[in-house]
Amino acid sequence: MENLNQSILNLEGKVAVVTGAGQGVGEAISHLFAAHGAKVVVNDFFLDRAKRVANEILARGGSAIPVQADVTDATSVAEMMRQASTHYGSIDILVNNAGNFGANPSEEVTQPFWEHGRDVWGGVVDVNLFGVINCVSACIPSMIEKRGGRIITIISDAARVGQAGLEIYSAAKAGSAGFMRAIAHTLGRYQVTANTVSISATSTPALEERFAKDPDRKKKVLERYIIRRLGQPTDVANMVLFLASDASSWITGQTYPVNGGYTLSV
């Protein structure tokens, strides 16, 4: 039997870019990566958020830099990757976490989608689909050159089962999942893996704000989960750590639900 690697989740020396990392799930992923030895590039559309998370990591003895970038802008993404490479070296891990309804969401996206047009849909598709494409395309050359890498994209169960009122969001997230499966086929020969993590109601600032305004809505939502609680950012971060580590070196093109059993009850 091969020697068992007791530190298989160790990311020591790895350079990781985490998008949308200024709060919520991205923040939890950044902290967990740093605690396991990664050099973390903390990205957010809002630089003050990225700085706060990076400073907290540094205060705990980890390694991190904040980088502002808009993932929907390919030029902005390229500059982020340039800063990351200049500071730390080539990128080993990319986590596409930036998503939801974008940095400046419109309340209109919750209205029937057919009453609006691309001016409303565009932001949702841009951040959840084209944002992923922009970041992956910027990382691919260096991963191919070094013959290795991990790409992980956070999607939603809305992409897997569909959700009324979230038609455009569901479509964009489903598109990014399909894109990741194709990337897995493309990059497998270079020892680069590509996987997705599908999440449902997770306790983020935006969700908690909505539930605070409508406590009955929270109760109705939880009735659809076998494990009767909201997901925590750390629940998602733990799965992402696994997929970023050597433990997942022979896993690619897969989608892992982290959802408290939500899809079992749909």
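Preceding this section is the structure that the text describes.
Cut-off values and rules
- The numbers attached to residues start from 1 for each chain and follow its sequence in the written order.
- The model is predicted, so local features are restricted to residues of pLDDT at least 70 and side-chain atom pairs to those at 80 or more, both for listing and for counting; the totals for chains, interfaces and linings are taken over all residues.
- Remark: hydrogens and water are excluded; side-chain values derive from all non-hydrogen atoms of the structure.
- Think of it this way: DSSP has to see at least two bridges between two strands before they count as a pair.
- Secondary structure elements follow DSSP: runs of H or I no shorter than four residues count as helices, runs of E no shorter than two count as strands, and numbering proceeds from the N terminus.
- Each axis is a line fitted through C-alpha atoms, taken for helices only over the stretch in contact, and angles between the N-to-C directions span 0 to 180 degrees.
- By the convention used here, residues are in contact when the closest approach between their heavy atoms is within 4.5 Å.
- Under the convention used throughout, the expected extent of a helix is 1.5 Å for every residue step, that is, one less than its residue count.
- Throughout, bend refers to the angle between the axes fitted to the seven residues that end at a position and the seven residues that start at it.
- Classes in brief: Ala, Val, Leu, Ile, Met, Phe, Trp, Tyr, Cys and Pro nonpolar; Asp, Glu, Lys and Arg charged; the others, Gly included, polar.
- Note that a disulfide, as used here, is simply two cysteine sulfur atoms within 2.5 Å.
- Using a 1.4 Å probe on the protein chains alone, a residue whose accessible area is under 20% of its type maximum counts as buried, one over 50% counts as exposed, and one in between counts as partly exposed.
- Here the arc refers to the set of directions running from the helix axis out to each C-beta atom.

### Observations concerning the sheet that holds strand 1 (residues 15–18)
- The strand order across the open sheet formed by 7 strands is 3-2-1-4-5-6-7, and the pairing between neighbours is parallel. Each edge of the open sheet is held by one strand with a lone partner, namely strand 3 (63–68) and strand 7 (255–258). Taken pair by pair, the neighbouring strands of this sheet meet at an average axis angle of 20°, ignoring direction.
- Sitting on the sheet, helix 4 (residues 118–146) touches strand 4 (93–96), strand 5 (149–156) and strand 6 (192–199), and the angle it makes with strand 4 is about 175°.

### Focus on helix 4
- Between its first and last C-alpha atoms helix 4 spans 39 Å; for 29 residues at 1.5 Å apiece the expected length is 42 Å, and the two agree.
- Considering bend angle alone, the principal kink of helix 4 is centred on Asp126 and spans about 45°.
- Directly after helix 4, the chain includes Arg147, whose backbone phi takes a positive value near 60°.

### Some details on the packing of helix 7 (residues 205–213) against helix 8 (residues 215–222)
- Where helix 7 contacts helix 8, the axes come no closer than 5 Å and their chain directions differ by 115°. When helix 7 is examined against helix 8, the residues Glu208, Arg210, Phe211, Ala212 and Lys213 are found in contact with a partner set consisting of Pro215, Arg217, Lys218 and Val221.
- Taken together, the residues of the contact of helix 7 with helix 8 break down into 4 nonpolar, no polar and 5 charged.

### Observations concerning the state of the cysteines
- Here the structure, examined in full by the defined rule, presents 0 disulfides.
- Between Cys139, a cysteine without a disulfide, and Cys135, which holds the nearest cysteine sulfur, the sulfur-to-sulfur distance is 7.0 Å.

### Focus: helix 2 (residues 47–59)
- With 13 residues, helix 2 extends 18 Å between its outermost C-alpha atoms, agreeing within 8% with the 18 Å of an ideal straight helix rising 1.5 Å per residue.
- Listed as buried for helix 2 are Ala50, Val53, Ala54 and Ile57. The buried residues of helix 2 occupy an angular sector of 95° when the element is viewed end-on, so they sit on one face. What points out from helix 2, more than 90 degrees from its buried face, is the exposed set Asp48 and Ala59.
- Remark: Gly61 follows helix 2 within two positions and exhibits a positive phi of approximately 90°.

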